[in-house]
There are 2 protein chains.
Amino acid sequence: MRDAFHEDLDKISDQLVEMTRLAASAMSRATTALLDADLELAEGVISRDEEIDTLRRDLDELAVELLARQQPVATDLRIVVTALHMATSLERMGDLAEHVAKVARLRYPESAVPAELRDIIVSMGQIADRLVLRAGSIIASKDVEAAKSLGGEDDEMDSLHRRVFTILASPEWRHPADVTVDITLLSRYYERFADHSVAVAQQVVYLVTGTWKALDAVDGDR
Amino acid sequence: MRDAFHEDLDKISDQLVEMTRLAASAMSRATTALLDADLELAEGVISRDEEIDTLRRDLDELAVELLARQQPVATDLRIVVTALHMATSLERMGDLAEHVAKVARLRYPESAVPAELRDIIVSMGQIADRLVLRAGSIIASKDVEAAKSLGGEDDEMDSLHRRVFTILASPEWRHPADVTVDITLLSRYYERFADHSVAVAQQVVYLVTGTWKALDAVDGDR
């Protein structure tokens with residue numbers, strides 16, 4: 001019973017890893033589309049978000065089948081519930097990448113990112129990419145220590161997020177308000193993406209150890 | 001077995017209704033704190049968000065106990081999974097109310113909302129309140145028709161959200177960028193709150209009918 005259960009659990013884990021790959025690819029393509037004002041790339045990210053949504057629905061089904069077939073109890077049940085929460089975060093990350101792509105599309109043929117903010121957006125894109133790929137390898141390797149260590153890894157994203165708001169509030173910032181709106185939302189999308197990556201990785205601790213971890217929705221203050 | 005299952009399901013349903021009440025109260029107090037620059041009220045919303053987070057953890061536990069005790073299959077299982085997704089949305093709505101309160105706290109003793117936008121924020125707060133309370137009564141009454149009809153009910157919120165961005169992009173908008181940032185985020189928080197309310201209500205259709213409904217994460221484009 002336990003073995004069959006863990007075989008099913010491996011399927012779910014593979015699905016979660018695949019979702020991290022799709023989310024990483026979507027966000028990195030969205031960042032390029034944003035910085036290069038690449039409409040085709042942006043459209044591609046937007047149209048392909050459905051793939052992640054579908055994977056998440058499949059994962060719900062997998063979990064339901066697993067529960068029906070294995071009838072796990074206690075800790076095993078919580079593990080499945082945790083996997084469902086992870087899938088919710090990963091689908092959401094795909095949506096956030098799509099939002100970045102939609103800002104790129106909205107401002108085409110212009111780039112939505114003024115020159116003085118390009119470096120920050122590039123860094124945010126890189127951190128987002130690194131965090132979600134690390135989350136994926138943590139899910140695949142079930143590396144609990146790596147999962148725990150990822151906890152503070154989005155501090156860098158949070159500080160970039162704060163720096164963006166400092167720049168927007170500075171007297172040197174003279175761009176029209178619609179640019180301010182775009183940058184505000186973009187910065188938030190990247191920060192949320194990082195929050196979800198860390199949350200997903202941390203849930204691996206529970207997935208592996210069965211030690212109950214409160215699954216609070218994660219979020220930055222701004 | 002079915003009866004015991006439905007008794008457990010009623011407990012979960014009551015918990016979901018209670019979460020809608022807490023989310024509604026949090027958002028309406030946050031809106032007042034925002035418009036009146038009421039620091040104490042804002043602090044209250046922020047400190048009480050934990051209540052919704054706790055309810056959500058309890059609901060996870062309830063669901064796990066139900067699954068362990070009743071060992072439901074097929075549709076019944078999907079119903080429990082759906083309830084878990086609803087709880088995730090409701091906890092998120094509490095977070096969004098907390099974010100509104102944090103903007104109020106950040107700008108205290110000023111109000112973060114300029115005079116010309118007060119009416120829109122008031123309306124957004126009222127729509128948010130109405131939608132989440134309707135979602136709660138729909139969960140309580142299991143009124144599938146009402147659930148279906150709520151589908152388009154956040155159009156009003158979406159159009160207010162778009163109107164905010166039109167105002168921010170207009171030449172008449174002469175406020176400093178930090179005000180633009182606040183309004184951009186606030187408008188997004190209200191719009192997301194409404195999206196989640198509608199999603200929660202629509203999931204009742206599945207909760208009642210057992211007709212599988214894709215549980216896509218909801219989101220506005222901007």
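Because the structure is a prediction, the values reported are computed rather than measured.

What follows concerns the overall build of chain A. Within chain A one finds 7 helices and 0 strands. Here chain A has a C-alpha radius of gyration of 19 Å; the compact-globule value for 222 residues is 17 Å, and the two agree. Counting only C-alpha atoms and orienting by the principal axes, one finds that chain A spans roughly 65 × 35 × 20 Å. Relative to its 222 residues, chain A shows a buried fraction of 59%. Looking at chain A alone, contacts between residues at least 24 apart form 84% of all its contacts between residues at least 6 apart. When the accessible surface of chain A is totalled, it reaches about 8400 Å², and 51% of it is carbon and sulfur. For chain A, the distance from the average site of its 25 positive side-chain charges to the average site of its 41 negative ones is 2 Å.

To continue, consider the UniProt feature "domain: PhoU" (unreviewed entry) in chain A. Residues and elements named next belong to chain A. Mapped onto this numbering, the UniProt entry gives "domain: PhoU" (unreviewed entry) at residues 16-103 and 121-204. With 94% helix and 0% strand, residues 16-103 has its two end C-alpha atoms placed 27 Å apart. The span residues 121-204 carries 83% helix and 0% strand; its end-to-end C-alpha distance comes to 29 Å.

End to end, helix 7 (residues 177-209) of chain A covers 49 Å across 33 residues, agreeing with the expected 48 Å (1.5 Å per residue, within 8%). Among the 33 residues of helix 7 of chain A, 29 are classified as buried, and the element is accordingly described as predominantly covered.

Attention now goes to the packing of helix 2 (residues 39-70) of chain B against helix 3 (residues 74-107) of chain B. Residues and elements named next belong to chain B. Between helix 2 and helix 3, whose axes approach to 8 Å, the crossing angle comes to 170 degrees. The orientation of helix 2 with respect to helix 3, classified from their angle, is roughly antiparallel. Tallied by class, the residues present in the contact of helix 2 with helix 3 amount to 18 nonpolar, 2 polar and 10 charged.

Before going further, it helps to examine the pattern of salt bridges. A side chain with one charge may pair with a side chain of the opposite charge, provided their charged atoms come close. Here the structure, examined in full by the defined rule, presents 34 salt bridges over all chains. Where D8 of chain A meets K11 of chain A, a salt bridge forms, and the shortest distance between an N and an O atom there is 3.3 Å. With a gap of 3 residues between them, D8 of chain A and K11 of chain A both fall in helix 1 (residues 2-36), about one helical turn apart. We classify D8 of chain A as buried; its relative accessible area is 7%. Given a relative accessible area of 44%, K11 of chain A falls into the partly exposed group. A salt bridge links R78 of chain B to E61 of chain A, with the shortest nitrogen-to-oxygen separation between them at 2.6 Å. Residue R78 of chain B is found in helix 3, and its partner E61 of chain A is found in helix 2 (residues 39-70); the two belong to separate chains. Exposure class is identical for R78 of chain B and E61 of chain A. Each is buried. Via salt bridges that share partners, D8, K11 and R69 of chain A belong to a single interconnected network.

Conventions we followed
Residues numbered from 1 in each chain as written. Chains lettered and ligands numbered in written order. Predicted model: local features only at pLDDT ≥ 70, side-chain atom pairs only at ≥ 80, totals over all residues. Heavy atoms only, no water. Helix = DSSP H or I, 4+ residues; strand = E, 2+ residues; numbered from the N terminus. Rg over C-alpha atoms; globule rule 2.2 N^0.38 Å. Buried < 20%, exposed > 50% of the residue type's maximum accessible area, 1.4 Å probe, protein only. Contact = heavy atoms within 4.5 Å. Areas by Shrake-Rupley, 256 points an atom, 1.4 Å probe, with all protein chains shown as cover. Lys, Arg positive; Asp, Glu negative; His and termini not counted. Charge placed at Lys NZ, Arg CZ, Asp CG, Glu CD. UniProt positions renumbered as here; feature names shortened; annotations may be inferred. Expected span 1.5 Å × (residues − 1). Axes fitted to C-alpha atoms, helices over the stretch in contact; angles between N-to-C directions. Parallel < 35°, antiparallel > 145°, perpendicular 65-115°, else oblique. Nonpolar A, V, L, I, M, F, W, Y, C, P; charged D, E, K, R; others polar. Salt bridge = Lys/Arg side-chain N within 4 Å of Asp/Glu carboxyl O.

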